[in-house]
Amino acid sequence: MGALAVGLVAAVALAGCSFGKSDPPKPTAGPSVAPSQSELAKSLGALINGGYRFKVVAKEGSYTGGIDPVADLLDATVSVTSDGATLKIDTVAVRGTAYTRLTGLPLPGFDGATWFRVDPARITRPGSLGLSAVKDPTGIQALIAATHDVRRENRSYNGTVDMTRVTTWGPVNIPQVMQLGQVATRIPFEATVDDHDRLVAMKVEIPDNPVTATYSDFGTSLTTTAPAGAEPLPDHLYGMLGL
């Protein structure tokens, strides 16, 4: 495998648009939780109780798709670009069974022609398929739980977020963020809610890599179906994809 191919696969695996089987950090209960943070956490209700579409854009690439956590359906794509080459991973999840299609590398299984069926029993750590034990593919629940000094003005929230408490955030390479040291514990953010107090945008000002997420089409119903003729995901791809 060439150096570029290794770099792209590693970037996607480290970005990790999933929680695997781990739960996100929980907000601290009691008086230490500021009212504004509690209000911001409540704005996630629409992302828990019904379908929606999402888009997260960072320097590394983008993560887009739709999810219906009630019907247990996901249809998403993560794309990461490096030195002019792009690796795209499509993921479809239908009631507990996930499928993936890989495109962009000169390697077997990466030609975009084959859908692979993922064995959920083998997903033991965060990976790059957008699968989440808490049905939160972008990682927004843990991100909001890690916010501090939250202030509200009209439909906007501002404050800081402790990225050391976040396992995933769209296509962001979290281990790279950790290299910022103490700075990573107080990254500025701005969130926006609509007139129904639903979160519609979240921007995190990571140095040299601002990340913006948008959420829309609340209550949407996905028509996702399992791809026909999917093959078992080859053993070596579990490791390559950070699963």
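Refer to the structure presented above.
Presented here is a report on the structure given in the accompanying data block. (Residues numbered from 1 in each chain as written. Predicted model: local features only at pLDDT ≥ 70, side-chain atom pairs only at ≥ 80, totals over all residues. Heavy atoms only, no water.)

**Notes on helix α2 (residues 35–42)**
For α2, the full list of buried residues reads S36, Q37 and L40. Across the axial projection of α2, the buried residues extend over an arc of 100°, all falling on one side. Along α2, the residues that are exposed and aim more than 90 degrees away from the buried face are P35 and K42. (Buried < 20%, exposed > 50% of the residue type's maximum accessible area, 1.4 Å probe, protein only. Helix = DSSP H or I, 4+ residues; strand = E, 2+ residues; numbered from the N terminus. Arc of directions from axis to C-beta.)

**With respect to the side chain of T138**
You can see T138 is positioned in the loop between β6 (116–118) and α4 (140–145). One polar contact links T138 to Y215, side chain to side chain, over a distance of 2.8 Å. (Polar contact = N/O pair within 3.5 Å; in protein donor to acceptor, adjacent residues only side chain to side chain.)

**Details of the packing of aromatic side chains**
One pass over the full model with this rule turns up three aromatic pairs. Taken together, the aromatic side chains of Y52, F54, Y63 and Y215 make up a single cluster linked through ring pairs. The lysine or arginine in question, R122, covers the ring of Y238, its NZ or CZ lying 4.0 Å from the ring centre. (Phe/Tyr/Trp six-rings, centres within 6.5 Å; stacked < 30°, edge-to-face > 60°. Lys NZ or Arg CZ within 6 Å of the ring centre and 35° of its normal.)

**Focus: the side chain of T91**
You can see T91 is positioned in strand β4 (residues 85–94). A residue is classified by how much of its surface remains accessible, and T91, at 2% relative accessible area, is buried. Beyond its immediate sequence surroundings of up to four residues, T91 is in contact with L74, D75, A76, Y99, T100, L129 and L131. (Contact = heavy atoms within 4.5 Å.)

**Brief notes about the pairing of strand β3 (residues 73–82)**
When you tally the buried positions in β3, you get seven out of 10 residues, the bulk of the element. For strand β2 (residues 61–68) and β3, the ladder comprises eight bridges, and the chain directions are antiparallel. Bridged to G65 within β3 is A76. (Pairing = 2+ DSSP bridges.)

**Considerations on the environment of E153**
Within the secondary structure, E153 sits in strand β7 (residues 147–153). You can call E153 exposed: its relative accessible area is 58%. Between the alpha carbons of E153 and S36 there is a distance of 9.7 Å; along the sequence they are 117 residues apart.

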